[in-house]
Amino acid sequence: MDGGKKSRWSMVAITVMRIAVGWHFLYEGIAKLTAASWSASGYLKQARGPFAWFFKWLAAQPDMLANADLVTMWGLTLVGALLILGLFTRLASLGAIGFIVLFYLCNPPFVGYFYSIPTEGSYLIVNKNLVELCALVVILVTGSGRFAGIDRILHRLFSRRPRNAAA
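If you're wondering where the values come from, they're calculated on a predicted model, not measured in any experiment.

K.L.:
What should I look at first to understand the nonpolar core in this one?
P.N.:
Proteins that are soluble and globular tend to have nonpolar side chains buried together. Counting residues in each nonpolar core, the largest one holds 17 residues, and the members touching the most others are V21, F25, V79, L83, A96 and L136. Elements supplying a minimum of two residues to this core: α1 (8–34), α4 (62–85), α5 (89–106) and α6 (128–142). In contact with F25, not counting residues within four places along its chain, are L76, T77, V79, G80, A96, F99, I100, E132 and L136. A40, A52, L58 and L65 belong to the second largest nonpolar core, which has ten residues in total.

K.L.:
How should the pattern of salt bridges be read in this particular structure?
P.N.:
Per the stated rule, a full pass over the model turns up one salt bridge. Between K32 and E28 there is a salt bridge whose closest N-O contact spans 2.8 Å. Placement of both K32 and E28 in helix α1 is noted, with a separation of four residues, approximately one turn of the helix. For E28, a relative accessible area of 29% puts it in the partly exposed group.

K.L.:
Mind showing me how you'd approach the packing of aromatic side chains here?
P.N.:
In this description, an aromatic ring pair is defined by two values, namely the gap between the centres and the angle between the planes. Applying the stated rule across the entire model yields five aromatic pairs. Members of the aromatic cluster, joined through ring pairs, are W53, F54, F55 and W57.

K.L.:
Is there a simple way to explain the packing of helix α3 (residues 52–60) against α4 in this structure?
P.N.:
Describing two packed helices takes the angle between their axes plus the distance from one axis to the other. It is the contact of α3 with α4, at a shortest axis distance of 5 Å, that shows an interaxial angle of 100°. Overall, the two elements α3 and α4 adopt an arrangement that is roughly perpendicular. Across the interface between the two elements, W57, L58, A59 and A60 from α3 touch P62, M64, L65 and A68 from α4. In terms of residue class, the contact of α3 with α4 is built from eight nonpolar, no polar and no charged.

Quick notes on the rules
Residues numbered from 1 in each chain as written. Predicted model: local features only at pLDDT ≥ 70, side-chain atom pairs only at ≥ 80, totals over all residues. Heavy atoms only, no water. Core = buried A, V, L, I, M, F, W, Y, C linked by side-chain atoms within 4.5 Å. Buried < 20%, exposed > 50% of the residue type's maximum accessible area, 1.4 Å probe, protein only. Helix = DSSP H or I, 4+ residues; strand = E, 2+ residues; numbered from the N terminus. Contact = heavy atoms within 4.5 Å. Salt bridge = Lys/Arg side-chain N within 4 Å of Asp/Glu carboxyl O. Phe/Tyr/Trp six-rings, centres within 6.5 Å; stacked < 30°, edge-to-face > 60°. Axes fitted to C-alpha atoms, helices over the stretch in contact; angles between N-to-C directions. Parallel < 35°, antiparallel > 145°, perpendicular 65-115°, else oblique. Nonpolar A, V, L, I, M, F, W, Y, C, P; charged D, E, K, R; others polar.

Structure, rendered in structure tokens:
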């Protein structure tokens, strides 16, 4: 890598990662949208950690919970689609990071906090959510949508180009 520029292969790898993370968000959103009676209530009621009181309060407020369910279902779907397409990639990454931070804080893998729904592994501080958050930070700072995505087209259309004085 010369002068801080990323190599073509590293950008290909980051783009593949962006699409994979986008697929995960899109699929999670669609699965929730198509489930007959999906709600975040169960997840929120089992919250552990320093902000458990907030998540349990949210689950106990029917109107707030209904809004949280809608934001979660549609937000995951939208963020996933945007990441896959490479459209508004940085904004989509920020939205996805927001979701992941909330999911992580709801049930963090800290010593003494045990989440009662069984998982496929044992975690201490670092879990799938935190790993995906790190991937989203890489996607955010590298602008992979401008490498391969609709952001590339938009950037070329709307970027300022110096006008030729002779024109």
